[in-house]
Amino acid sequence: MYGFLIFIAVLVVIGLWVAGIYNGLVISRNAYKNAFAQIDVQLQRRFDLIPNLVEVARKYMAHERETLEAVIAARSAAQSGLSAAKANPGDPAAMAQLAAAQGQLNAGLGRLLAVAEAYPELKANENMLQLTEELTSTENKVAFARQAFNDAVMAYNNKREVFPSAIFAGIFGFLAATLLDIPADKQAQVREAPKVQF
């Protein structure tokens, strides 16, 4: 009889231990998904600012239609990349698509703001100044949110790779998450935030 009770007690302890590991993995996965939600909020804010910026610039930059259209196309591609990443934060393909789209958008904004330098009336426009200030603030918030996401992904990946969690992560289907990083071929373009000060 005592042997049976000891066996049951050991099973309960093992069950609680496995449940603790599982719950820790779930908490870590939810943490990086929440961190990605913060990126989503900041990128949506950025996407909302861009059409206003382009509209103000369009009034002054009639001869720069190609640049303006490139920014709008890049914004659309970046929104698609964000939608794919929102569906599965941490997925390698989704993170690569998002990073590439954001790199393209950064490059387009950089070109727009560089061309805008040639238009003194545009540089002095109050709406343009306000929009560029808001865009700068949003760029900083995106960078902070991305760092928080990458930190949460790193914590999750560490948790799922250490023993004994590594054994149960595979059994329970906890896949590795991918950092949101800029691809090597885009680093030169993107590592520096677009210059938005006039």
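Structure: see above.
Residues numbered from 1 in each chain as written. Predicted model: local features only at pLDDT ≥ 70, side-chain atom pairs only at ≥ 80, totals over all residues. Heavy atoms only, no water.

## Here's the deal with the packing of aromatic side chains
Test applied: Aromatic rings from Phe, Tyr and Trp, taking only the six-membered ring of Trp, are treated as a pair when their centres fall within 6.5 Å; an angle between ring planes under 30 degrees marks them as stacked, one over 60 as edge-to-face, and anything in between as tilted. To qualify as a helix, a DSSP run of H or I must reach at least 4 residues; to qualify as a strand, a run of E must reach at least 2; elements of each kind are numbered from the N terminus.
Taken as a whole, this structure holds seven aromatic pairs when the rule is applied. For the pair Trp17 and Phe168, a centre-to-centre distance of 5.6 Å together with 85° between the ring planes defines the contact as edge-to-face. A residue pair is termed long-range when its members are at least 10 positions apart, and Trp17 in helix 1 (residues 2–60) and Phe168 in helix 6 (residues 165–172) qualify at 151 residues. Seen in terms of ring centroids, Tyr32 and Tyr156 are 5.0 Å apart; in terms of plane orientation they differ by 55°. Their pairing is tilted. Here Tyr156 lies in helix 5 (residues 126–161) and Tyr32 lies in helix 1, a separation of 124 residues in the sequence.

## Thoughts on the nonpolar core
Quick note on the threshold: What makes a nonpolar core is a set of buried Ala, Val, Leu, Ile, Met, Phe, Trp, Tyr and Cys residues whose side-chain atoms join them at distances within 4.5 Å. Categorising residues by exposure relies on relative accessible area from a 1.4 Å probe, with only protein chains included: less than 20% of the type maximum marks a residue as buried, more than 50% marks it as exposed, and the intermediate range marks it as partly exposed. Residue contacts follow a heavy-atom distance rule, with two residues in contact if any of their heavy atoms lie within 4.5 Å.
Counting 49 residues, the largest nonpolar core has Phe36, Leu53, Leu112, Leu122 and Phe149 as the members making the most contacts within it. Among the secondary structure elements, those contributing two or more residues to this core are helix 1, helix 2 (65–87), helix 3 (92–116), helix 5 and helix 6. Considering every element that reaches this core, the biggest residue donor is helix 1, with 16 residues. What Phe149 contacts, discounting residues up to four positions off in sequence, is Tyr32, Ala35, Phe36, Ile39, Pro89, Gly90, Met95, Thr178, Leu179 and Leu180.

## Examining the environment of Ile50
Positionally, Ile50 belongs in helix 1. You can call Ile50 buried: its relative accessible area is 0%. Each C-alpha atom of the pair Ile50 and Ile72 lies 7.9 Å from the other, and the pair is 22 residues apart in sequence.

## Thoughts on the pattern of salt bridges
We count it as follows: For salt bridges, the criterion is a side-chain nitrogen of Lys or Arg within 4 Å of an Asp or Glu carboxyl oxygen.
What the rule picks out here adds up to six salt bridges. Salt-bridge contacts for Arg45 lead to Glu134; the nearest nitrogen and oxygen are separated by 2.2 Å. Highlighted residues: Arg45 in helix 1 and Glu134 in helix 5, separated in sequence by 89 residues. Relative accessible area serves as the criterion here: at 24%, Glu134 is assigned to the partly exposed category. Arg46 serves as the salt-bridge partner of Glu139, at 2.7 Å between the closest nitrogen and oxygen.

## Description of the environment of Glu126
Of note, Glu126 is situated in helix 5. Judged by its relative accessible area of 64%, Glu126 falls in the exposed class.

## Observations concerning the packing of helix 2 against helix 3
This is how it is decided: To get an axis, fit a line to the C-alpha atoms, keeping to the stretch in contact for a helix; angles then go from 0 to 180 degrees between the N-to-C directions. Relative orientations are named as follows: roughly parallel for angles under 35 degrees, roughly antiparallel for angles over 145 degrees, roughly perpendicular for angles from 65 to 115 degrees, and oblique for any other angle. By convention the crossing between two helices is left-handed if the near helix lies anticlockwise of the far one by an angle smaller than a right angle, and right-handed if it lies clockwise. Three classes are used: nonpolar for Ala, Val, Leu, Ile, Met, Phe, Trp, Tyr, Cys and Pro, charged for Asp, Glu, Lys and Arg, and polar for all others, with Gly counted as polar.
Contact pair helix 2 / helix 3: the axes reach a minimum separation of 8 Å and the direction vectors enclose 160°. By the angle between their axes, helix 2 is roughly antiparallel relative to helix 3. Every pair of crossing elements has a handedness; the one defined by helix 2 and helix 3 is left-handed. Of the residues that constitute the contact of helix 2 with helix 3, the class distribution is 17 nonpolar, seven polar and two charged.

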